[in-house]
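Descriptive analysis of the structure
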Amino acid sequence: MTTVLKLGGSVVTEKDTPETVDDDALARAASAVAAHEGDLVLVHGGGSFGHHAAAERGVSTAEGTRSAADAVAIHDAMGRLNGAVLDALHAEGVEALPVRPLSVASRDAAGALSLPTGSVATMLEEGFTPVLHGDGVAQAGSGVTITSGDDLVVALARELAVDRVGLCSTVPGVLDSSGEVIDRIERFSDVADAVGDSDATDVTGGMAAKVEKLLALSAPAHVFGPDGLSAFLAGESPGTVVAGRE
Ligand code: IP8
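Residues numbered from 1 in each chain as written. Predicted model: local features only at pLDDT ≥ 70, side-chain atom pairs only at ≥ 80, totals over all residues. Heavy atoms only, no water.

1. Details of the packing of helix α3 (residues 47–56) against helix α4 (residues 68–91)
At a minimum axis distance of 8 Å, the contact between α3 and α4 shows a crossing angle of 170°. Judged on the interaxial angle alone, α4 and α3 are roughly antiparallel. Where α3 crosses over α4, the handedness of that crossing is right-handed. Together, Phe 49, Gly 50, Ala 53 and Ala 54 of α3 and Ala 73, Ile 74, Ala 77, Met 78, Arg 80 and Leu 81 of α4 make up the contact between the two elements. Here the contact of α3 with α4 is composed, by residue class, of eight nonpolar, one polar and one charged. (Axes fitted to C-alpha atoms, helices over the stretch in contact; angles between N-to-C directions. Helix = DSSP H or I, 4+ residues; strand = E, 2+ residues; numbered from the N terminus. Parallel < 35°, antiparallel > 145°, perpendicular 65-115°, else oblique. Left-handed = near helix turned anticlockwise from the far one by under 90°. Contact = heavy atoms within 4.5 Å. Nonpolar A, V, L, I, M, F, W, Y, C, P; charged D, E, K, R; others polar.)

2. Here's the deal with the side chain of Ser 148
Along the chain, the position of Ser 148 falls in the loop between β8 (143–147) and α6 (149–159). In this structure the side chain of Ser 148 is engaged in a polar contact, spanning 2.9 Å, whose partner is the backbone nitrogen of Asp 150. (Polar contact = N/O pair within 3.5 Å; in protein donor to acceptor, adjacent residues only side chain to side chain.)

3. Remarks on the sheet that holds strand β5 (residues 113–114)
Here four strands make up an open sheet; going across it, the order is β5-β4-β7-β8 and the pairing mixed. Looking at strand neighbours, the two that pair on one side only are β5 and β8, the edges of this open sheet. (Pairing = 2+ DSSP bridges.)

4. Comments concerning the pairing of strand β2 (residues 39–44)
The element β2 is extensively covered by neighbouring structure, given that five of its six residues are classed as buried. Bridge count between strand β1 (residues 2–7) and β2: six bridges; the pairing is parallel. Along β2, the bridge assignment pairs Leu 7 with His 44. Bridging between β2 and strand β6 (residues 129–133) involves three bridges; their strand directions are parallel. Counted as the bridge partner of Val 43 is Leu 132 from β6. (Buried < 20%, exposed > 50% of the residue type's maximum accessible area, 1.4 Å probe, protein only.)

5. Focus: the UniProt feature "site: Transition state stabilizer" (unreviewed entry) in the protein
UniProt feature "site: Transition state stabilizer" (unreviewed entry): in the numbering of this structure it lies at Lys 15. Residue classification places Lys 15 among the buried residues on the basis of a relative accessible area of 11%. (UniProt positions renumbered as here; feature names shortened; annotations may be inferred.)

6. Examining the packing of aromatic side chains
All told, the structure shown has one aromatic pair when counted by the stated rule. Judged by centre distance (4.9 Å) and plane angle (25°), the rings of Phe 224 and Phe 232 are stacked. Here Phe 224 matches Phe 232 in class, with each residue buried. (Phe/Tyr/Trp six-rings, centres within 6.5 Å; stacked < 30°, edge-to-face > 60°.)

7. Let's talk about helix α5 (residues 118–125)
When we look at burial in α5, the residues that qualify are Val 120, Met 123 and Leu 124. Along the axis of α5, the buried residues cluster in a sector spanning 100°; they form a single face. Taken together, the buried residues of α5 touch β1, β2, β3 (96–98), β6 and α6. Just downstream of α5, Gly 127 is the residue with a positive phi angle, here 90°. (Arc of directions from axis to C-beta.)

8. Points about the sheet that holds β2
Ordered by their spatial adjacency, eight strands build an open sheet running β3-β6-β2-β1-β9-β11-β12-β10, and the pairing between neighbours is mixed. The open sheet has two edge strands, β3 and β10 (184–185), and neither has a second partner. With two bridges connecting them, β10 and strand β12 (residues 240–242) associate as parallel partners. What sits directly across from Arg 184, in β12, is Val 241.

This is the structure we're talking about:
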């Protein structure tokens, strides 16, 4: 049983204060991950590290940079967050290893992501927990653009034999217009009016973009808040199930 789990950047950082880890939230997430049995690939978002670094330099999924210094500054910010995530996992006994997209991934001119997964698959076979993150990635015709952790989740779910996908966000699921968690989404049109943009600085789109990407997967995806993380890792279905092609 292979699970891909994204820890949202807003879950593990103080999203409005640059480069600030939410240590307690990260420690709780690491402890939940440590209790999980089975193969797990982790991805984390940018939070107050990558999104601030990218926004300061005018770089997004749509706007690339041809400045290597800017690309490396964004990558370094993500490296600092990745280091904090790895430290928290190691403290809980999780044998976590970094997999850093800038060096291995690419996008074509239309934005389609190519992510070689040989290292991830071999790490899993050897008992490690690979930890990827949203990053700057070279894109044909655009220099370096931002690739969201959500896109990495989708690429991993396509390339590996993944059974379950989880997105741990700050909200307890995908919410309808009255703030209630939607149990199950099968078509984007069902929720198009209800899902809006993320409110803090986020250069890669909000909940609407997440739902659209998850609907394209063949594995069921779950969107839940930090309180649902242990339940998800135990095989339960907290929050919203996004079941586009199930
Ligand atoms: O928070 C964004 O990843 P996300 C990564 O998963 C950067 O969208 C570098 C802004």
